[in-house]
Structures are given as C-alpha cells and as structure tokens.
Amino acid sequence: MALTMAAVSLLVFLVLELNVEGVATKVLGQFSTAGQRHAWLLQHGYFDPLPLRYGRWVLDFVTGRWGLSTYYHADVLQLVTPRLAASGLLMGVALLVIVPLALGLGVLAGMREGSPLDRGVSVLAIVTTSFPEFATAVFLSAIFVFWLGWLPGVSTLAGGATLKEFVLPVAVLALSSTGYIARMTRASMAEAMGQPYVRTALLKGASLRRIVFGHALRNALGAPVTVIMLQIPWLLSGVIVVEVFFAYPGFGTLLYQAAVNSDVYLIEACAMVGVIAVVASQVLSDLINAWLDPRLLAAARHGPVVAAPAVDLSAPERRVAGL
Amino acid sequence: MRLNRRMLRPLDGGRLHPAVDALVDQMEQGEIDRRAFLRTVSWLGVSVPSATAMLGLSACAPATTVGAKDRLRFVCAVQQITDPALTTWVEASNLYRNCLEYLTEVDADNITRPYLAESWTPSEDLRTWRFRLRPGVRWSNGDVFNVDDVAFNVRRWLDPNSQSVNRTSFAAIRDFERLDDYGFALHLSRPVCSLPEQLYAFTCPMLHRRFEEEGGDWPKNPVGTGPFSLVDYRVGLSAKFRRRDGYWGPPARVQEIDYVDLGPDVATHVAALAAGQVDVLYRVTIAEIDLVRRLPHVRLLTSQAAQTVVMRMQPAHKPFDDLRVRQAVLAAADNAAMLRFAYRGLGVLGENTHVAPVQPDYAALPPPQRDVARARRLLIEAGYPEGLDLTLTLGNTQGRWEQDTAQVLQQNCAEAGIRIKLNVIPPAEYWSVWDKTPFGLTYWSHRPLGVMVYDLAYRTGSVWNESKFADPAFDQALDAALAVIDPRARALEMKRAEALLRDQAIFVQPYWPQKFTAVSEHVIGHRAHPSDYFRMDRVGLA
C-alpha cells in the first residue's frame, strides 16, 4: 500500500517536475525572460540532484506545503480543501442513493434467478449503465431543466447547498453506477442462493426471508462492497464530467481547471489526493470484507489451510472420489 | 438638406474645429451618412447632443429609474486580474469596468462621448489634443480625481519597459503636458484623428495615481471612480460588486451584481438562464442559438460586429517565408464555404483584409477569388510538387466554430495538395502560444476602426503583431490613414494599406460572424455592444 503511494508519487513527480524549464515557464508566465527563469529555478533549488528534490517534494506534500496555484493565485491546500468537501458532499449524497437502491435491486433479482423480476432488473441495469454520464446529463437536463423547468440547470451552491441543486448531478451519477453494482450484487446473491447451506435451510423449512437475511446476504455482500469502495475514487475523479456540466464547485472542476490551465502545483496536489483516496478506500473495503467474512481474517492469521477444504469440497474430483 | 451649423456646440464651449465645416457640407450633400458624421464630429470635440439636435434626431436620454429587484446575476469568466493595463481578455475588463472608468466612452452605436474627460479639443493639425477633466470626481478612497492620475496612467502606458498593448496603440504620443489640475494636453508625433475613441480601449482604465506604490494588484486594492465597488473576488468562481455611495454620475440601477464563472461550456450557461438562476449571459455561440430561440422568458440579442478569426502565417518560419506558399493557401481557401458550413451563414463574408464593412474606414477591394489550379501552380513554383504538410494550431477560444472553420479550410486546401493537420489545444493554452505558433487561428474582437486593428496587429514591432509582419510601406499607408478626418478620404488611404497587406498573403480571414448573447426578459437597459464593453450601471431588473 505504502509502496503503491510511493510509486505513484514518484511518477507524478517525474512527469510534472522533470522538465524544470517547463515548471519555471508555468510559474513565471510566458512573458518571463530566460534569465528570470534561471534565477527562479536556482532560488527554488531546481538544480539540486533529483533524489534530493524528490525527497523535499514528498516532505513538502506531507507537511501540507503544497505551493501556490499559478492560475488562482492562492494556496493550493486552501483551494483543495473546500473543493474536496464539496465533492465529498456530492459523493455522500450519491452513495446514499446508489447503495441502498443497488443492493436492494440486486438482492431482489438474485433471490430468484431467472424470474421476471430478475430479468427486468438486469435489462434496466444494462440500459442505464450503457449511457455515458455526459449523455445522461444532457438528456436529464433537456427534460427537467429546459422542457419541464422543474430543476435548476447549474448547481453552483451559490446560495448554500440546496436539495434541488443535488437532484440532477446525483441522478446522473446514480444512473450510471447503480446498474453496475446491482448486477454485481445479483450475481453474488444468485451464487450464494445456490450454496448447499441454503438448500439445507430450505429443506429444514426456513422462510425465504430468513434464508436471505440470516444466511445468504452476508456471504453475498463481499463482492458488492469491493465494487462500492472502488466507486469512491471513481466518484472523486470520474465526476469531472458531471461537475463541469453542472458547474459544481468540486474537486473534479478544480482538477479540470488545473489541467486546462497547466497549473502545475495544483495538478500535483490533485493527483496525490486522488491516490490517497484510492488507497484509503481500498483499505476500508478490506476492513469491511474482513468483518463480513471472518474466514478472511483467520486466513490472514493462520495461512489459507482453514479456508481451503470449504472450497475443495465442491471440486469435481472429490465428488468422483466418493465424498 | 440644409443644416443649421450654428446649433453645433463644442464640448469645451470654445471654437469648433475647422474640419467640422467640411463635414457638415458632406452631410448636406449626402456624401456621408449620419453615423459617420456623428462619429467624426464626436472625435473633434463636438457635443453629440448638439449634433443630433442639428440633424433633427431626438436624443434619447438613458432611463434612470431604479429597478424593482436589486441583484443582477451575470455569467462571465472570472479571470485573474493584477494590472488592468496588462489584461488580454475582454471578460476581465467587464469586471473592472464596474469600478474603473475611462476618459472617453464609445457607446453601442460607435459614437464617442465624454466620460471622465468632459471635453477635448484637437489642434487644426491634429497633433495637439487638449483635454478637460470632469470636476468633482472622487476615488473610492476619498482622493480627488485629477490630472495627476491621468499623468500617472499615460506615462506608464508609454514607458519603454511597459508590457501593455497601450504602448503600441499610443506610440504616437510624444509628450504629456499638465496644464492645470483638470487640464492636460497630449502632443503627438503624427496626426491621429481617432485618439478620443482609442482612449476607450479596454486596457485604458484610469487607475489611481498610487496604484503601483500600493501593490499593483487591483483586486487586492480595488480603488476606483466608478459606480460600483468590488466586494469579493474569487478567480474561477465569482465576483461581487455593490453600488457605491458618492458616485459622481447617476447611481447604478441595481444594488449588487454577482458574476458567476460557470466554466467554459456555454450550454451550461444557457441551462442556468433557462432555470432562472442567472439574468445575463456574456455570450452565446452559434451552437446554442436554436435552443435559446425556443426558450420562454429569454431574449436573444444579436449584433454584427467587426469580430473575426484570422488564420495567419508567420513569414519568419519555413515554409511561410515563401510568399508563393502563403498565396497558395489563400487561393485554395473558400471563404464563402467557411461562413456557410462553420457559421451557418450568419455573418458577412471576409475579404482577407481584416477590415470590416461595418467599420467606417472600410474600403472595398475586389473580392478574393478561389482558384485551386493557381494554388497548385504556386506550390509547384515554390518547390512543392508533391504538395505540402502544414500544422494549424487553434484553441477554440470562442467556441467550437473556430475548429469547424479550420476544418473547412483543411478540406479546401486538401484539394490543392496542401495537407493541414489541426492541432487543437485548450483555450487558455492557446493564449500562451498565439503569437508564437507559425500557423495559428486567432480570434480578434471588434475594434471600432480598421486603423485600430492595423495599428495593433500589423504595424512593425507592435506587441500584438502575432504574425510578426513588417512592411515599412504598410506602416506609412497606415500613418496616412490615421491622419485623415474626412471619412471618405480615409477610406481611400485604407484601400492602399488593405491592398498592401492582402498582397503579402499573411492570413486567411474568412468571415465576420454575428455576435449573440441572451438575457432574461426581466433585464432592462442591456444592449449588445460590438466590443462587449458593458456598462452595468445602466442595466436594471424589472
């Protein structure tokens, strides 16, 4: 994990800071002279050996000295924090809609594989996920802003966060990722429902409700949780389309502006924040999975021996051997 | 038509400029139209109300009622501003125009009117211009606005180390002379008739005399003489202005103006307007006008301005050092097709001269003829029998239609064996290479006069001379045109300059696109201005 972060930070550093002349031009502007750039580079230690510069760069990042944005003329840390909070808010609201909806639909569909309900959910999920966000955003805004006039066209949060301004961005995000999670849940649920212990419970006369909630659900949630956690970094950077379309003042628009204006320190900070978000969400996903399935923890502690027979039992060669 | 020329009053109450008489003669004989007449006498220091009264037109006074609602919301890019004299974006000037004022004002009809200067008097040879400042104007910090402020601004424009485009546009100013606390004279090295008009260029606002001492960063220390004061400024997000008490003129009609930056996508701006979240858009592009026309409660404003795109070549770079190559590109270009396909025909055809028919000093040259066979011949002569590969850099700074135009040119040129590769880069990035790239497509905003464009863009050594074009004969013709008062005689001088420039085949200038913007139906008093210079104190909400 730390290795991932180190590797990515090195990559970000090399891509953006290796060309020192480029950095100086971006910071001092196109009207600067070669002499000014040289003096600036010297003053900021850009002619020191690369490992030293990298070390200093990492230290600066860790201690929160992220530099000055060349486009906004403001401290990068102070720029990123409110934007991150705004994106966090959008993401939180989106997840509140996506997760219950996706899990609910997925469980309903997966309980009875092949039922009309299952088919319906699957078709709906495939159709909605197949629309890219930029298309969904245009469709929804054509209907609800231009035609019906029910919803605001941009979500700038200028007058504070209002529920109305969240409807469209959240709807676009929900439409594109609910279907995917629902289908993962459905597959996982269907698999769980086919397990011997479900059959045993069924033969013992347990109600469907009890089987689903008492036995199958917990086992079926492993894969969807991983997918949901993977959605967090996606939401953080992948919402660029949605944020820019609705002029939402979040992390995505900031990253977009930084890239468009080649604001080098801001791009570096945004990239690093993105990396932290990915790594953190993966850690969280591992922890939740461990809680859902204690066998994983045991496996980590004692090696894979304990979990192995459970898998091997269903292997065909054992069946042949008479087990 | 007999005109009573005794009705004409000079702004300073003194004598009329001798050239005014000849202009009235021309007007009486119908040789120039009313607009050309009003524009020209306004430069010469004649009061425009007295001139309109002489022509029997009713002068319309701007309404001064204060609207019912008091907060106007304007969609506009909120860019970084430090020194207003260095800005390169008109959007930025629309922010500081609320606080900073100019010596003169050029209204939406292209007529120059008094602003911070209440009168001006040119000498007979147009080399000495005396200005009188409006008394009783105070800066927002309490200081009195007087000639010291003007001296500070003019001297810093003309400083040899100045990075401002004003250094070129006012290169003719030889000396600034202080007459008294409210009077000054500008001494020119050559006659310039349109000086008052040039003082309203967006980079010429009057800054406080201690602007540099106090940091030289305007949003941090927003001192101004204007009707609003800056309350909040956040680059890339928003800016807030509030009506200022103690303003010398009629008070603004709204209490507050909120500028919001909704990013580069105009479709987003239209969505905000449709939903009633904003009142005024800065611009609507050709891509959105169908949508805007269909929206209820929204008005589309259209104007024909002298704005255009030029696809210009730098003769300093190979292969453009060969005149025949440049001529081949021009011969292959189909300006009519570019206007039709890239801008749906909503504009006026360009003639590769960068002077528009709406500009009063326009002179018609024979329209360019498309000739693909000639283009091929020229290429062979230039040593490219197998054709030629070029890269055209563009940034869609005004919208996707720039790229559409370039694509039509690409098709046109392909027929002649010129293979153009399009290098499309983000808008902000384009403005850092616009004067460096050998072959680039650049948008030029409206200027009231063709001579002003020529002075900025094609005079030898001008800061904004993006093609690095240098021709002493052209500079001479331009000087001659700048010195003529008579609109017809000036057009004749311009004809020479236009021909010299076009013969050098520096650029393809296909068409003059119309300009569009949209406002909510509640907005009153907002007019499309050909330069996009908006005076928001006259705009109200009903």
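Rules used in this analysis
- Residues numbered from 1 in each chain as written.
- Chains lettered and ligands numbered in written order.
- Predicted model: local features only at pLDDT ≥ 70, side-chain atom pairs only at ≥ 80, totals over all residues.
- Heavy atoms only, no water.
- Helix = DSSP H or I, 4+ residues; strand = E, 2+ residues; numbered from the N terminus.
- Rg over C-alpha atoms; globule rule 2.2 N^0.38 Å.
- Buried < 20%, exposed > 50% of the residue type's maximum accessible area, 1.4 Å probe, protein only.
- Contact = heavy atoms within 4.5 Å.
- Areas by Shrake-Rupley, 256 points an atom, 1.4 Å probe, with all protein chains shown as cover.
- Lys, Arg positive; Asp, Glu negative; His and termini not counted.
- Charge placed at Lys NZ, Arg CZ, Asp CG, Glu CD.
- Domains from an automatic or database assignment.
- Buried area = accessible area lost by both parts, 1.4 Å probe.
- Salt bridge = Lys/Arg side-chain N within 4 Å of Asp/Glu carboxyl O.
- Polar contact = N/O pair within 3.5 Å; in protein donor to acceptor, adjacent residues only side chain to side chain.
- Nonpolar A, V, L, I, M, F, W, Y, C, P; charged D, E, K, R; others polar.
- Pairing = 2+ DSSP bridges.
- Axes fitted to C-alpha atoms, helices over the stretch in contact; angles between N-to-C directions.
- Phe/Tyr/Trp six-rings, centres within 6.5 Å; stacked < 30°, edge-to-face > 60°.
- pLDDT = per-residue confidence, 0-100.
- Core = buried A, V, L, I, M, F, W, Y, C linked by side-chain atoms within 4.5 Å.
- Parallel < 35°, antiparallel > 145°, perpendicular 65-115°, else oblique.
- Expected span 1.5 Å × (residues − 1).

Engineer: It is not clear to me how the overall build of chain B should be interpreted in this structure. Could you clarify?
Structural biologist: For chain B, the helix and strand inventory stands at 17 helices and 21 strands. Expected size for 542 residues packed as a compact globule is a radius of gyration near 24 Å; at 24 Å, chain B falls within 12% of this value. In terms of principal-axis extent, the alpha carbons of chain B reach across some 70 × 55 × 50 Å. The buried share of chain B, reckoned over its 542 residues, is 60%. Look at the contacts in chain B between residues 6 or more apart in sequence, and 71% of them connect residues 24 or more apart. Summed over its atoms, the accessible surface of chain B is roughly 20400 Å², and 50% of this surface lies on carbon and sulfur atoms.

Engineer: For this particular structure, what's the right way to read the overall build of chain A?
Structural biologist: A count of helical and extended segments in chain A gives 17 helices and zero strands. Considered along the principal axes of its C-alpha atoms, chain A spans approximately 85 × 60 × 30 Å. Relative to its 323 residues, chain A shows a buried fraction of 42%. Restricting to contacts in chain A with at least 6 residues of sequence separation, those with at least 24 account for 71%. On chain A, roughly 17000 Å² of surface is accessible, and the fraction owed to carbon and sulfur atoms is 70%. Between the mean site of the 20 positive side-chain charges and the mean site of the 17 negative ones, chain A shows a separation of 13 Å.

Engineer: Any chance you could explain the domain arrangement of chain A here in plain terms?
Structural biologist: Interface size is commonly expressed as the accessible surface area that is lost when the partners come together. Residue and element names in this part refer to chain A. Along its sequence, chain A is carved into domain 1 (2-62) and domain 2 (79-301). The straight-line distance from the C-alpha centre of domain 1 to that of domain 2 is 37 Å. Taken together, the contact pairs 13 residues of domain 1 with 11 residues of domain 2. Ranking the residues of domain 1 by area buried against domain 2 places Met5, Leu16 and Phe61 at the top, with a combined share of 44%. Where domain 1 meets domain 2, there are zero salt bridges. The tally of links from domain 1 across to domain 2 stands at one residue pair in polar contact (both at pLDDT 80 or more). Among the elements of the structure, helix H1 (2-17), helix H2 (20-28) and helix H4 (50-62) are those that each provide at least two residues to the side of domain 1 that touches domain 2. Sort the elements by how many residues they give to the side of domain 1 that touches domain 2 and H1 lands first, with six residues. For the side of domain 1 that touches domain 2, the per-class residue count stands at 10 nonpolar, one polar and two charged.

Engineer: Looking at this model, I keep getting lost on the sheet that holds strand S6 (residues 173-180) of chain B. Mind explaining?
Structural biologist: Paired through their backbone hydrogen bonds, the strands of a sheet run either parallel or antiparallel. Residues and elements named next belong to chain B. The strand order across the open sheet built from four strands is S4-S5-S7-S6, with neighbouring strands paired in antiparallel fashion. Both edges of this open sheet fall to strand S4 (117-122) and S6, since each of them pairs with a single strand only. Across the sheet, the mean angle from the axis of one strand to that of its neighbour is 20 degrees, orientation sign disregarded. Note that S4 and strand S5 (residues 128-133) share five bridges and pair antiparallel. Residue pairing for S5: Ala117 is matched across the bridge by Leu133. Across the sheet, helix H5 (residues 147-158) is in contact with S5, S6 and strand S7 (183-188); its angle to S6 comes to roughly 170 degrees.

Engineer: Would you mind going over the interface of chain B and chain A with me for this structure?
Structural biologist: On the side of chain A, 23 residues touch chain B, which itself brings 24 residues to the contact. Summed over both partners, the interface of chain B with chain A comes to about 1900 Å²; 61% of that surface belongs to carbon and sulfur atoms. Summed over the shared surface of chain B and chain A, the number is zero salt bridges. Counting across the chain B and chain A interface gives three residue pairs in polar contact (both at pLDDT 80 or more). Elements represented by at least two residues in the side of chain B that touches chain A include exactly helix H8 (266-274) and helix H14 (427-430) of chain B. In terms of residues, the side of chain B that touches chain A owes the most to one element, H8(B), which gives five residues. Its residues placed into classes, the side of chain B that touches chain A shows 15 nonpolar, seven polar and two charged.

Engineer: Explanation requested: the packing of aromatic side chains in the structure shown.
Structural biologist: The description of an aromatic ring pair uses the distance of the two centres, along with the angle that the planes make with each other. Taken as a whole and assessed by the stated rule, the structure comprises 38 aromatic pairs over all chains. Each ring, one from Phe61(A) and one from Trp66(A), has its centre 4.8 Å from the other, and the planes form 0 degrees; the classification is stacked. Residue Phe61(A) shares its accessibility class with Trp66(A), and that shared class is buried. Between Phe202(B) and Tyr533(B) the ring centres are 6.2 Å apart and the planes differ by 65 degrees, which places this aromatic pair in the edge-to-face class. In this pair, Phe202(B) sits in the loop between helix H7 (195-198) and strand S8 (228-234) while Tyr533(B) sits in the loop between strand S20 (523-524) and strand S21 (540-541), placing the two residues 331 residues apart along the sequence. Each member of the pair, Phe202(B) together with Tyr533(B), is buried. An aromatic cluster is defined as three or more aromatic residues linked by ring pairs; in this entry it consists of Trp89(B), Tyr430(B), Trp431(B), Trp434(B), Trp444(B) and Trp464(B).

Engineer: Honestly, the confidence of the model for chain B in this entry has me stumped. Any pointers?
Structural biologist: Caution applies to low-pLDDT regions: their predicted coordinates should not be interpreted in detail. Here chain B averages 90 in pLDDT, and 98% of its residues register 70 or above. Interface confidence for the predicted complex, given as ipTM, is 0.72, next to a pTM of 0.78.

Engineer: Is there a simple way to think about the nonpolar core in this case?
Structural biologist: The biggest cluster of nonpolar side chains holds 197 residues, and the ones touching the most others in it are Phe37(B), Tyr259(B) and Tyr458(B). If we skip the residues at most four places from it in the chain, Tyr259(B) touches Phe74(B), Cys76(B), Val78(B), Asn94(B), Leu95(B), Asn98(B), Leu237(B), Ser238(B), Ala239(B), Phe241(B) and Met536(B).

Engineer: Help me understand the side chain of Gln26(B) in this model?
Structural biologist: Summarising the element assignment, Gln26(B) is placed in helix H1 (residues 19-28). Residues in contact with Gln26(B), not counting those within four places in the same chain, are Glu31(B), Ile32(B), Asp486(B), Pro487(B) and Arg488(B).

Engineer: Please explain the side chain of Asn94(B) as it appears in this structure.
Structural biologist: Residues and elements named next belong to chain B. You can see Asn94 is positioned in helix H4 (residues 90-96). On the basis of relative accessible area, Asn94 is assigned to the buried category, the value being 3%. A distance of 2.7 Å separates the side chain of Asn94 from the side chain of Arg97, its partner in a polar contact. Within the structure, the side chain of Asn94 is placed 3.0 Å from the backbone nitrogen of Phe534, a separation counted as a polar contact. If we ignore the near neighbours within four places in the chain, the residues touching Asn94 are Tyr259, Tyr282, Asp532, Tyr533 and Phe534.

Engineer: Explain H1(B) to me, please; I cannot follow it from the model alone.
Structural biologist: Along an α-helix, residues three or four apart share an orientation, since each turn contains 3.6 residues. All names here are of chain B. Counting buried positions along H1 yields seven of 10 residues, so the element is predominantly enclosed. Listing the buried residues of H1 in full gives Ala19, Val20, Leu23, Val24, Gln26, Met27 and Glu28. Looking at the buried residues of H1, the elements they touch are helix H2 (34-43), helix H3 (48-54) and helix H17 (487-503). Taken from the residues just after H1, Gly30 is the one with a positive phi, measuring 70 degrees.

Engineer: What is the right way to look at the environment of Ile173(B) in this model?
Structural biologist: Residue and element names in this part refer to chain B. Its location among the elements puts Ile173 in strand S6. Placed 23 residues apart in sequence, Ile173 and Val150 show a C-alpha to C-alpha distance of 14 Å. If we skip the residues at most four places from it in the chain, Ile173 touches Leu158, Leu186, His187 and Leu188.

Engineer: It is not clear to me how the packing of helix H5 (residues 76-111) of chain A against helix H13 (residues 251-260) of chain A should be interpreted in this structure. Could you clarify?
Structural biologist: Helix packing geometry: the angle between the two helix axes and the distance between the axes. All names here are of chain A. Packing of H5 against H13 leaves a shortest axis separation of 7 Å and a crossing angle of 135 degrees. Accordingly, the angle class assigned to the pair H5 and H13 is oblique. Contacts between H5 and H13 involve Leu79, Val80, Arg83, Leu84 and Ser87 from the former and Phe251, Gly252, Thr253 and Leu254 from the latter. When the residues that make up the contact of H5 with H13 are grouped by side-chain class, the tally is five nonpolar, three polar and one charged.

Engineer: Would you mind showing me how to read H17(B) here?
Structural biologist: Residue and element names in this part refer to chain B. The first and last C-alpha atoms of H17 sit 24 Å apart over 17 residues, in line with the 24 Å expected at 1.5 Å per residue. Within the sequence span of H17, burial applies to Pro487, Arg490, Ala491, Met494, Ala497, Glu498, Leu501 and Arg502. Elements that come into contact with the buried residues of H17 comprise H1, H2, helix H10 (323-332), helix H15 (450-457), helix H16 (472-482) and strand S18 (507-508). Capping the start of H17 is the job of one residue whose side-chain oxygen sits 2.9 Å from the backbone nitrogen of Arg488: Asp486.

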